[in-house]
2 protein chains.
Amino acid sequence: MPELTVGRIVERIHPVDETFVQRARERTGQLVIPPRALGRLHGLAEQVCGIQQTLQPDIDRKSILVFAGDHGVVQEGVSAFPQVVSMEMIRCFLRGGAGINALGRLVKAAIKVVDMGLVSDLDPASLDGGENLIVNKIGPGTRNLAQGPAMSRQEAGASIAGGFRQAEAVIRQGANLLGTGDMGIGNTTPAAAVGAVLTGQGLDGMVGRGTGIDDQGLQKKKDAIARGLDLNRPDRGDGLDVLAKVGGFEIGGIAGCVLAGAVHRVPVVIDGFISTAGALIAASLCPLTAGFMFAGHCSEEPGHRTMLRSLGLEPILDLGMRLGEGTGGALAMTILDGAIRVFQEVMTFEQAGVSKGA
Amino acid sequence: MPELTVGRIVERIHPVDETFVQRARERTGQLVIPPRALGRLHGLAEQVCGIQQTLQPDIDRKSILVFAGDHGVVQEGVSAFPQVVSMEMIRCFLRGGAGINALGRLVKAAIKVVDMGLVSDLDPASLDGGENLIVNKIGPGTRNLAQGPAMSRQEAGASIAGGFRQAEAVIRQGANLLGTGDMGIGNTTPAAAVGAVLTGQGLDGMVGRGTGIDDQGLQKKKDAIARGLDLNRPDRGDGLDVLAKVGGFEIGGIAGCVLAGAVHRVPVVIDGFISTAGALIAASLCPLTAGFMFAGHCSEEPGHRTMLRSLGLEPILDLGMRLGEGTGGALAMTILDGAIRVFQEVMTFEQAGVSKGA
C-alpha cells in the first residue's frame, strides 16, 4: 500500500455536486411552505444533498470523533487547568460522563475518542469504555511552540493521515454524518496561533481565555503565541508547515477527519475553536473541503467568528458555548436533523391540496 | 363554576422560583465543565428548574398547540395567499404533512390544532387526523381592523380563556413543556399592530413581508395598520383592549396558552412573530408570565427582535425562519433537551475524578 500522504488524499477530493444542490432547491420550492420560509434549514438540507449526491439525504448514522492531544506550550502557563486533566477527561468521555456524551446521546451519535498524542498512555483494554478509545499516538504531547516547532513536518503529515484513517474507518462502518471534537489542555493556544496565521487576524482579536484564564494568563498566552510565530515563521501558504510549527496533534487529526469527509462525500459538522483550526488546515490544503463542512456553532473565543468567516461558513448555533469536546457540533446535528426532516417529510403544495400564493 | 376571566387567571400566577434557579446554578458549578462553558445551555436548564421547582427538570412530554384564526383585514390586500389557505393548511397539519409536523416528530411533540376562529367550519369527526383538531371558535374570522375593532372586548376575553382552557387540558393530560404555534392568513398584520402598540416601535421597523408580499403589498399593509391604530386607539396599558382592537382570535389563544403555562408552572416555548404578539398580550396582562417563556427563535420579520427585547427574551435560534406554525419553537425544543441532558447527565468533577482548575 502506498504511503498515505496529504497529496494523495487531496487529489481524491471533488467538489460538492451543484447539480444535486439545484435539484434539491427545486424540490424545496414545491414544499407547502412560502418561498424559503424556513430560512437556513433549506440551505442546510440542500447542501447535504449536494454532498451525498442524492435527493434522499440521510444523516441517521452519526459519529463524532474526539481527537485528543497534549501541548508542550502549557509550560508557558497558558491554561487554567493542569495537563493531567486531558487524560482525566478522556477517561470521563469513555465512561459517558462528559458534556459530549450527554449531547451525543441526544443526537444518537456514536462517540469515538482518538488519542493523537496525550502525554499519558491510556490502554483501551484496561479502561471502562475502552472500546471507544482508539490509540493513534504521534508523540507524547507536542513540543513547546513558543520555543521551536511544535512538531516535525513528518509528524504533521502523520497526524493528518491518522485522523483521515480513523474517520475513514467509521465511514466504512456506516457513518453518514461526522462530527469533530477535541480534548487537550492548552489547545486554544495552538488553535489561536493557527487561526492567526491562516486568517491574518491579529492576536488581540484571536486569542481568548480558553477554559477561563485571568488577565495575566491571557497576556502570557498572547506572548507565547507571539514568540512562537516570530521564532517559527510558519508559511501561511503551506498548511502542513503551519500545523507543524504552531499546531497540535489533535488539530492535525481533525484536519484529516475533514479531508476524509470530503473524499467520501460525508458531511462534517465542525465544532468550536479547536475544530475550526483543524478545518482551516484542511481548507488550506484543499479549499474544496469547505463545501463539506457545517459550522456547528460560534464559540465565545473571540477569534472563532473570524476563522469561520475565512472558511465562508455561517455558524448554525450561537449560544455562548466554549467547551469544545465536539459539544457545539453535536447540538447542531439536531438542527441538521430538522432540516433533513423538513426536506423529506413536508408535503408538496400539490400533495397537500393547498392553494399557491400570488 | 365561576366564569374564567383574565383577572381570575392572573391572580393564580406566582413568580419563577429563584431558590431553585440558585440551587440549579450551584449544581451546574459542580459539573465537569469549566465555569459556565456551555453558555446559554446552563441558564436554560436552570430556568426550567425554577419554573418546575425541581432539580430534576423534565420536559419529555411536549405538546405544541397551533392556534388558528382568520382575519378580516385580508380585505386590505395584506397577504400573498388567499384566505382559504388557513383552512387548507389546517387540514395539512392534521394529515401530518406540514413543517410543524416534521419538526414536531423530530422533538416527539404532540401537535394539537385549535380552531379559534377560522372562516371555514372544520368538523373533527369527518377529517383525516381530526382527533388532533379542537374547535374553540370565537367567531368566523375577526372583523377588518382597518375599519374598526377586530373583535369585541368580550370576544377578546373569550379567546384568552379558550387558549387557557385548551392548554390546561393538555397539561392535565401530562404535558410538561408547551409550544405555541399559529396559522391564519393575514396574521402578521394584527401581530405587527399588537407589537407596535405594546413595544412603541414605529411601523417601519415592525411591519414585514409575512409569507412574501411585494413592495406594494407591504405599503398596503402598513397603511392598513396605521389606519387601524388611528381609528381604534388601542390602550397600551390594557392588553385586553389591544387584543380586541387590533389582534386576532389565535393571538388571544396564544396569550391564554402562555397564561396557562405560568399558572401551572409549565415552561412555554414561544415561536415567531405571531406567537410573540400573543406573548406580549400575556405579559401585558401579567408581567410574571415572561419568566415562564423561552423564545424559540428570532424570525426574519423585522419587528420580532424588538418584541423579544421588550419581553426581556433572548432567542435560542436565529436561522432566518419566518414560517410560523410553531416551527421555530419546535426546533428550539431540541436545544432545551440538550440543556436538560447536560444538567442531568454530566458527571460532577468529583464523580469523574477530574482535577479542578486554578
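Conventions and cut-offs
Residues numbered from 1 in each chain as written. Chains lettered and ligands numbered in written order. Predicted model: local features only at pLDDT ≥ 70, side-chain atom pairs only at ≥ 80, totals over all residues. Heavy atoms only, no water. Contact = heavy atoms within 4.5 Å. Buried area = accessible area lost by both parts, 1.4 Å probe. Salt bridge = Lys/Arg side-chain N within 4 Å of Asp/Glu carboxyl O. Polar contact = N/O pair within 3.5 Å; in protein donor to acceptor, adjacent residues only side chain to side chain. Helix = DSSP H or I, 4+ residues; strand = E, 2+ residues; numbered from the N terminus. Least-squares fit on C-alpha atoms with pLDDT ≥ 70 in both. Pairing = 2+ DSSP bridges. Axes fitted to C-alpha atoms, helices over the stretch in contact; angles between N-to-C directions. Parallel < 35°, antiparallel > 145°, perpendicular 65-115°, else oblique. Left-handed = near helix turned anticlockwise from the far one by under 90°. Nonpolar A, V, L, I, M, F, W, Y, C, P; charged D, E, K, R; others polar. Buried < 20%, exposed > 50% of the residue type's maximum accessible area, 1.4 Å probe, protein only. Expected span 1.5 Å × (residues − 1). Core = buried A, V, L, I, M, F, W, Y, C linked by side-chain atoms within 4.5 Å.

(A) Spatial organisation of the interface of chain A and chain B. Facing 54 residues of chain A, the contacting portion of chain B comprises 54 residues. Contact between chain A and chain B buries roughly 4,400 Å² in total, counting both sides, with carbon and sulfur atoms accounting for 66%. One can count two salt bridges joining chain A with chain B. On the surface where chain A and chain B come into contact, there are 17 residue pairs in polar contact (both at pLDDT 80 or more). Sorting the residues of the side of chain A that touches chain B by element identifies α3 (40-52), α4 (84-95), α5 (99-107), α13 (327-345) and α14 (349-352) of chain A as the ones contributing at least two each.

(B) Looking closely at the relation of the copies chain A and chain B. Expressed as a screw transformation, the operator carrying chain A onto chain B has a rotation angle of 180° and an axial translation of 0.0 Å, and the superposed copies differ by an RMSD of 0.0 Å. Taken together, the rotation and translation relating the two chain copies correspond to the operation of a two-fold axis. Take the interface residues of chain A: 100% of them recur as interface residues in chain B, which is what a same-surface contact looks like.

(C) Just the sheet that holds strand β3 (residues 133-135) of chain A, in detail. Residue and element names in this part refer to chain A. One open sheet holds the six strands; their spatial order is β3-β2-β1-β4-β5-β6, and the pairing between them is parallel. Here the strands that pair on one side only, and so sit at the sheet edges, are β3 and β6 (293-295). Going across the sheet, the axis of each strand differs from the next one's by a mean of 25°, ignoring polarity. Direction of pairing for strand β1 (residues 62-69) relative to strand β4 (residues 177-183): parallel, over a ladder of seven bridges.

(D) Local environment of the packing of helix α7 (residues 188-199) of chain B against helix α8 (residues 215-232) of chain B. Residues and elements named next belong to chain B. Packing of α7 against α8 brings their axes to within 10 Å, and their N-to-C directions diverge by 50°. On the basis of their axis angle, the class for α7 and α8 is oblique. Relative to α8, α7 is oriented so that their crossing is right-handed. Facing Thr 188, Thr 189, Ala 192, Ala 193, Ala 196 and Val 197 of α7, the residues of α8 in contact are Lys 221, Ile 225 and Leu 229. Its residues placed into classes, the contact of α7 with α8 shows six nonpolar, two polar and one charged.

(E) The pattern of salt bridges, seen in detail. Residue and element names in this part refer to chain A. Taken as a whole and judged by the stated rule, the model has 32 salt bridges over all chains. Residue Asp 337 pairs with Lys 62 through a salt bridge whose shortest N-O separation is 2.8 Å. Taken as a pair, Asp 337 in helix α13 and Lys 62 in strand β1 lie far apart in primary sequence, 275 residues in all. Per residue, the accessibility class of Asp 337 equals that of Lys 62, and both read buried.

(F) How the structure looks around the environment of Ala 102 of chain A. Relative to the elements of secondary structure, Ala 102 of chain A occurs in helix α5. Ala 102 of chain A sits in the buried class, given a relative accessible area of 0%. In this structure the C-alpha to C-alpha distance between Ala 102 of chain A and Ala 330 of chain A, which are 228 residues apart in sequence, comes to 9.6 Å. Beyond its immediate sequence surroundings of up to four residues, Ala 102 of chain A is in contact with Arg 341, Val 342, Glu 345 and Val 346 of chain B.

(G) Molecular detail of helix α4 (residues 84-95) of chain B. Taking 1.5 Å per residue as the helical rise, α4 of chain B with its 12 residues ought to reach 16 Å, and the 17 Å between its terminal C-alpha atoms agrees with that figure. With nine of 12 residues buried, α4 of chain B lies mostly within the body of the structure. Within the sequence span of α4 of chain B, burial applies to Val 85, Ser 86, Met 87, Glu 88, Met 89, Ile 90, Cys 92, Phe 93 and Leu 94 of chain B. The inward-facing, buried residues of α4 of chain B abut α14 of chain A together with β1 (62-69), α5 (99-107), β2 (109-117), β3 (133-135) and β4 (177-183) of chain B.

(H) A look at the nonpolar core. By size, the foremost hydrophobic cluster in this structure holds 278 residues, and its most contacted members are Leu 41 of chain A together with Leu 41 of chain B. Those residues in contact with Leu 41 of chain A that lie beyond four places of it in its chain are Ile 335, Ala 339 and Val 342 of chain A together with Leu 103, Leu 319, Met 321 and Leu 331 of chain B.

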